[in-house]
Each structure stands twice: as C-alpha cells, then as structure tokens.
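This is what each chain is made of:
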Amino acid sequence: MTDNPDVTADNSRSRHDRIRRHPTPGVRNSLAHWTSAKHPLRVALNYLFVWFARISPSLRLRRWCLRRLGVTVGPGVSWGLEATPDVFWPELITMEKHAIVGYDATLLCHEFLQDEYRTGEIVVGERAMIGAGAIVLPGVEIGAGASVAANSLVTRDVEPGTTVAGVPARKMGGESESESQGETQSQSQSWSQGQTECTADQKRTEWGQTGGVDGDHGNGDGSGDAEENDESSNT
C-alpha cells in the first residue's frame, strides 16, 4: 500500500492504491537513475530470459523462463509468442492457473517519470485472457475469467468475468454502454413521438380546410344543412 494514494474519483479500486512511489533526487529524470533502482547485471540477465520467453516455440520453455525471472506462474499458463514481461521487476507479476497472455502483449510493472519512478504488482487471475498487443500498467489486477481485447491499454482493475476494450480499456456491455443505448432509444422515441404529433396536426389542418370548403356546399360544419332547412321552410 502506497503512502501517497492517488485514488481516481470514478474508481475506488484504482491501481494507484497499490503502486509504490520512489522519488529520485536532482534535476535529472528518474530513468537516468535506473542503475540505482536495479542492478545492471540483474537487468541484463532478465533481458536474456525475456528474450527466450518471447521467441521460444515451446510453452513449457516459456513458463520455465518466466519462473527464472521471478514471475509467479500457475499451472497451465499460456504465454504468447513475443509477449513481454517487465524487464526490471518481473517478480511483481502473478499469473494464476490457465491464464493466457496473447501475442505481443506487454505487462509493465514500472513507470519512469520525471521526479520519481513507480512500481506495482500485476495479477492475472485464473483463466483470464489478455489479447494480442494489449498493454497492462503497474498495479492492475485482472479478475478470474476476465478478457482484455487486443490492442487495449489497461489502466484500471478488470472485474472477474468481464470484458474490456479500448484505449484506455473500458468495460463492454456495462453501465456506460447501457446508458448510451438508453439515450439513443430515448432520442428515437422522442423523434418518433414528434413525427406522430406533426402528422396528427397536419391531418387536423387538412380536415379543417376540407370541412370549410365542404361547409360552403352544405357538407362541412352544418351551416349548409341549415340553409337547406331554411329553403325547405320557405318553400
């Protein structure tokens, strides 16, 4: 738990709750201090295992490489070709059993900023799926059975059993989509009602005009009938 949480207003389960902040002194940005953050030899060794995990044709060998990096890998995990774990802090990644990470996806457990760098764990739940080219940011938890669409940027937790997509990733079929559909339906109903009222007004106008003309001939508002009655009386 960080000493300086940055909880977003619309998401009480923000990843920022679990991120650790590491201030860096001086005017240089935090990336310039990377050798102090992680020993260069450790990073070089990590990179070697990351490279093997990316290109190996064997899922078993990929899992072995990930474990050598310190990644927690459950049974049955499938790591896609050219998928990349964090090279600085891969030990912060947890892959629960039968999870899938798709082709060229990236799991980042660090962020180098101007005045600080941040680290955070990533948890991919049981039978969760991360699509090709997706990027998961530090501190994110992806729930069991959840799915991340291809090329998405995951900046917040993903609830179990849900599907998210986009940049940043948003829940599909959720409240926001329902609200959008409801608004569209409401607009459609309003338009339809307006068309109906307009048609009714038009018909009343046409009827009134027709009644006025017919009335001159004794078939509209009853005045013609009265004239005929008067003529009959006079006769």
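Residues numbered from 1 in each chain as written. Predicted model: local features only at pLDDT ≥ 70, side-chain atom pairs only at ≥ 80, totals over all residues. Heavy atoms only, no water.

Counting its regular elements, the protein chain contains 5 helices and 17 strands. Burial analysis of the protein chain (235 residues in total) assigns 36% to the buried set. Expressed as a percentage of contacts within the protein chain between residues at least 6 apart in sequence, the contacts between residues at least 24 apart total 36%. Put simply, the protein chain shows about 14000 Å² of open surface, and 51% of that area lies on carbon and sulfur atoms. (Helix = DSSP H or I, 4+ residues; strand = E, 2+ residues; numbered from the N terminus. Buried < 20%, exposed > 50% of the residue type's maximum accessible area, 1.4 Å probe, protein only. Contact = heavy atoms within 4.5 Å. Areas by Shrake-Rupley, 256 points an atom, 1.4 Å probe, with all protein chains shown as cover.)

Let us look at the pattern of salt bridges. Taken as a whole and assessed by the stated rule, the structure comprises 8 salt bridges. Put simply, Glu111 and Arg15 hold a salt bridge, and the shortest N to O gap is 3.1 Å. Highlighted residues: Glu111 in strand E8 (residues 110-112) and Arg15 in the segment before strand E1 (20-23), separated in sequence by 96 residues. When its relative accessible area of 15% is taken as the criterion, Glu111 is described as buried. Note that Glu116 is salt-bridged to Arg118, the shortest N-O span being 2.8 Å. With respect to class, Glu116 is no different from Arg118; both count as buried. Put simply, Arg18, Glu141 and Asp157 are held in one network by salt bridges that share partners. (Salt bridge = Lys/Arg side-chain N within 4 Å of Asp/Glu carboxyl O.)

In this model, the protein chain carries a mean pLDDT of 80, and residues with pLDDT of at least 70 account for 68%. Considering only residues more than four positions removed or in separate chains, one finds that residues 178-184, a stretch of pLDDT under 50, has 0 contacts. Taken as a whole, residues 212-235 scores under 50 in pLDDT and shows 10 contacts with residues more than four places along the chain or in a different chain. (pLDDT = per-residue confidence, 0-100.)

So, on to the sheet that holds strand E5 (residues 93-95). Ordered in space as E2-E5-E10-E13, the 4 strands form an open sheet in which the pairing is parallel. Both outer strands of the open sheet, strand E2 (72-73) and strand E13 (141-142), are each paired with one neighbouring strand and no more. Note that E2 and E5 share 2 bridges and pair parallel. Looking at E5, one finds that Thr72 is bridged to Thr94. (Pairing = 2+ DSSP bridges.)

With that settled, consider helix H3 (residues 59-69). Arg62, Arg63, Cys65, Leu66 and Leu69 are the residues of H3 that are buried. All buried residues of H3 project into a common sector of 160° when viewed along the axis, lining one side. Tucked into the core, H3 has its buried residues touching helix H2 (40-55), E2, strand E3 (78-79) and strand E4 (84-85). At the N-terminal end of H3, a side-chain oxygen is found 3.3 Å from the backbone nitrogen of Arg60, two or three residues along, and the residue is Ser58. Directly beyond the C-terminal end of H3, a positive phi value near 105° is found at Gly70. (Arc of directions from axis to C-beta. Polar contact = N/O pair within 3.5 Å; in protein donor to acceptor, adjacent residues only side chain to side chain.)

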